[in-house]
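Architecture at a glance
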Amino acid sequence: MGPCIAYCYDDCKAQDRRPEYRVWDVWQQDRLRKPVLRTYDVQAAVRERERLTADFTPAEQA
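Residues numbered from 1 in each chain as written. Predicted model: local features only at pLDDT ≥ 70, side-chain atom pairs only at ≥ 80, totals over all residues. Heavy atoms only, no water.

Some words on the packing of aromatic side chains
Counted according to the given criterion, the structure contains 1 aromatic pair. Between the aromatic rings of Tyr7 and Tyr21, the centroid separation amounts to 5.4 Å while the plane-to-plane angle is 55 degrees, which identifies the pairing as tilted. Linking Tyr7 in strand S1 (residues 4–9) with Tyr21 in strand S2 (residues 19–24), this pair joins segments that are 14 residues apart in sequence. Here Tyr21 falls in the buried class, since its relative accessible area comes to 14%. We note Arg18 situated over the ring of Tyr40; from NZ or CZ to the ring centre the distance is 3.5 Å. (Phe/Tyr/Trp six-rings, centres within 6.5 Å; stacked < 30°, edge-to-face > 60°. Helix = DSSP H or I, 4+ residues; strand = E, 2+ residues; numbered from the N terminus. Buried < 20%, exposed > 50% of the residue type's maximum accessible area, 1.4 Å probe, protein only. Lys NZ or Arg CZ within 6 Å of the ring centre and 35° of its normal.)

Examining the side chain of Thr39
As for its position among the elements, Thr39 is in strand S3 (residues 37–39). Owing to a relative accessible area of 14%, Thr39 belongs among the buried residues under this scheme. Setting aside its immediate chain neighbours within four residues, Thr39 contacts Pro19, Glu20, Tyr21, Ala44 and Ala45. (Contact = heavy atoms within 4.5 Å.)

A closer look at the pairing of S2
Bridge count between S1 and S2: 6 bridges; the pairing is antiparallel. Bridging across to S2, Tyr7 finds its partner in Tyr21. Pairing analysis gives 3 bridges linking S2 to S3, with the strands arranged antiparallel. Bridge assignment links Arg22 to a residue of S3, and that residue is Arg38. (Pairing = 2+ DSSP bridges.)

Let's talk about the environment of Glu48
Relative to the assigned elements, Glu48 resides in helix H1 (residues 42–55). Each C-alpha atom of the pair Glu48 and Leu37 lies 7.7 Å from the other, and the pair is 11 residues apart in sequence. Setting aside anything within four residues of it in sequence, one finds Glu48 in contact with Val23, Val36 and Leu37. A polar contact of 2.6 Å, which involves the side chain of Glu48, links it to the side chain of Arg51. (Polar contact = N/O pair within 3.5 Å; in protein donor to acceptor, adjacent residues only side chain to side chain.)

Below you can see the structure in the form of structure tokens.
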């Protein structure tokens, strides 16, 4: 799978919680894998995902 954006809150219990966007270079399958970008700016997250998508070449299927 290609690059993706995960949406979550920085602190689910806080009254003033903010949405945080995490950009992954591949669909997260490994919990040890770190996101390429963590940001509160949705536009920055979309730009990074678009950049990663342009560079993404899917693996050949057997």
